[in-house]
Amino acid sequence: MSHIPVLLNESISYLITKKDGIYIDATFGYGGHSKKILESISPNGLLIAIDRDINAINEGKKNFANIDNFKLYHSNFSQINEILKNLNISKVDGILFDFGVSSMQIDNPERGFSYNSDAFLDMRMDQTQKLSAYDVINTYSEEQLCFIIKEYGEERFAKKIARKIVETRTKNEIKTCGQLNEIVNSVVPKPRDGSNPARRTFQAIRIEVNDELGEIKEALNKAIDILNSGGRICAISFHSLEDRIVKEFFRFESLSCICPKDIPVCVCNKTKTLDIITKKPITPSQEELQINKRSHSAKLRVAQKI
């Protein structure tokens, strides 16, 4: 399947405020957003792209070779300030986040992200890290598994799934996506929409393996520190947990006071750092939905540093 960047025109139109500015594509992937950013800035501008997946980095080095105003780094986006420090850059004019798993990772069955494959339980976005889905499934306690599947997968059958995983692994290790898929399907009723009951569990395990929500929180906090006044954060999320983090972060940073309403004088010393640009999230058009079914849950939120 060819890669189609989600909310491409919308995200870049909000992101670019200066043609000669410095921008960060915090989730490079196939480079679809990066290509559009480079087309939208002048030769005096600069794009810094980041990805934690070494396969994405290697492809990017081939496809984006010999571009003077482009830098590509293998790193987590929570490390953006360290990357800028290495470049002797203190501030940027915009940061684009595109959260979640990429098509490159899902479509490669060997990466172990998909319940439709029988690959080894991997799910590591960064294959240099140690923790894999295999480790989570075979070493976490029943209580830990239940919490992860319930909180990160928003799965109401989490307790049954966790119990079945532990019961199964006492006899034999659970090594493949196919085995985990069978376990979940054995205890969770088939949804009315015909979707695979294992979808939420796989999402939950993937989020745990890659500390996705922790990475998002850390990166958003660091983003404010490195933005110029007038610089923007554009964040594309794909499920409710990601979107909730972005929404609550933007809302909190847009407040100038968090004191209780019954206190006549502000004592909290809260400083407003952001203006929310998109009062409601931007979602894909009908045209985009027809072209790219994977975009259906995408939401773009934008805020600007004051």
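Quick look at the structure, then. (Residues numbered from 1 in each chain as written. Predicted model: local features only at pLDDT ≥ 70, side-chain atom pairs only at ≥ 80, totals over all residues. Heavy atoms only, no water.)

The next subject is the environment of Q129. With respect to the secondary-structure elements, Q129 resides in the loop between α5 (103–106) and α6 (133–139). On a C-alpha basis, the gap between Q129 and R206 in space is 13 Å, while along the polypeptide they are 77 residues apart. Apart from residues lying up to four places away in sequence, Q129 is in contact with R52, R124, V209 and N210. A polar contact is formed between the side chain of Q129 and the backbone oxygen of L131, at a distance of 2.8 Å. (Helix = DSSP H or I, 4+ residues; strand = E, 2+ residues; numbered from the N terminus. Contact = heavy atoms within 4.5 Å. Polar contact = N/O pair within 3.5 Å; in protein donor to acceptor, adjacent residues only side chain to side chain.)

Counting residues in hydrophobic clusters, the biggest one holds 32 residues, and the most contacted among them are I24, V92, I95, F97, L220 and I233. Take this core: its biggest share by element is seven residues, from helix α11 (residues 212–226). Apart from the residues lying within four places of it in its own chain, the contact partners of I95 are L15, I24, A26, I80, A223, I226, L227, R232, I233 and C234. (Core = buried A, V, L, I, M, F, W, Y, C linked by side-chain atoms within 4.5 Å. Buried < 20%, exposed > 50% of the residue type's maximum accessible area, 1.4 Å probe, protein only.)

The next point concerns the packing of helix α1 (residues 8–15) against helix α2 (residues 32–40). Where α1 meets α2, the axes come as close as 10 Å, and the angle between the chain directions of the two elements is 45°. By the angle class used here, α1 and α2 are oblique. In this structure, α1 meets α2 at a crossing whose hand is right-handed. Contacts between α1 and α2 involve L8, N9, S11, I12 and L15 from the first element and G32, H33, K36, I37 and S40 from the second. When grouped by side-chain class, the residues that make up the contact of α1 with α2 number four nonpolar, five polar and one charged. (Axes fitted to C-alpha atoms, helices over the stretch in contact; angles between N-to-C directions. Parallel < 35°, antiparallel > 145°, perpendicular 65-115°, else oblique. Left-handed = near helix turned anticlockwise from the far one by under 90°. Nonpolar A, V, L, I, M, F, W, Y, C, P; charged D, E, K, R; others polar.)

What follows is about the pattern of salt bridges. The final tally for this structure, using the stated rule, is 16 salt bridges. D53 is the partner of R111 in a salt bridge, and the nearest nitrogen-oxygen pair spans 2.9 Å. Taken together, the residues span a long stretch of sequence, with R111 in the loop between α5 and α6 and D53 in the loop between β2 (46–51) and α3 (54–63) at a distance of 58 residues. Taking the shortest distance from any N to any O, the salt bridge between R206 and E212 comes out at 2.8 Å. Per residue, the accessibility class of R206 equals that of E212, and both read buried. If you follow the salt bridges from partner to partner, you end up with E82, E218 and K222 in one network. (Salt bridge = Lys/Arg side-chain N within 4 Å of Asp/Glu carboxyl O.)

Here the focus is α3. Along α3, the residues classified as buried are A56, I57 and G60. Take α3 and look down its axis: the buried residues cluster within an arc of 100°, on one side only. Opposite the packed face of α3, turned more than 90 degrees from it, sit the exposed residues K61 and K62. Those residues of α3 that are buried lie in contact with β2, β3 (70–74) and α5. Here α3 starts with a cap whose side-chain oxygen sits 2.9 Å from the backbone nitrogen of N55, and that cap is D53. (Arc of directions from axis to C-beta.)

Moving on, we come to the pairing of β3. Across five bridges, β2 lies against β3 in parallel orientation. Among the inter-strand pairings, I48 is bridged to a residue of β3, identified as K71. (Pairing = 2+ DSSP bridges.)

By secondary structure assignment, the location of E208 is in helix α10 (residues 199–210). Along the chain, E208 and R124 lie 84 residues apart, while their C-alpha atoms are 9.9 Å from each other. Aside from chain neighbours lying at most four places away, what touches E208 is L131, V136, Y140, I148 and Y152.

This next bit is on the packing of aromatic side chains. The geometry of an aromatic ring pair is captured by two quantities: the separation of the ring centres and the angle between the planes. This structure, assessed with the given rule, holds 10 aromatic pairs. Centre to centre, the rings of F28 and F70 are 6.0 Å apart; their planes meet at 45°, and the pair counts as tilted. Pair noted here: F28 is in the loop between β1 (22–25) and α2 and F70 is in strand β3, with a separation of 42 residues, a long-range link. For the pair shown, F28 and F70 are each scored as buried. Ring centres of F97 and F99 lie 5.5 Å apart, and the angle between their planes is 20°; this geometry places the pair in the stacked category. Considered together, F97 and F99 belong to a single accessibility category, that of buried residues. Ring pairs connect the aromatic residues F28, F64 and F70, which therefore count as one cluster. Just above the ring of F252 sits the side chain of K270; from NZ or CZ to the centre is 4.6 Å. (Phe/Tyr/Trp six-rings, centres within 6.5 Å; stacked < 30°, edge-to-face > 60°. Lys NZ or Arg CZ within 6 Å of the ring centre and 35° of its normal.)

Keep in mind these numbers describe shape, not what the thing actually does.
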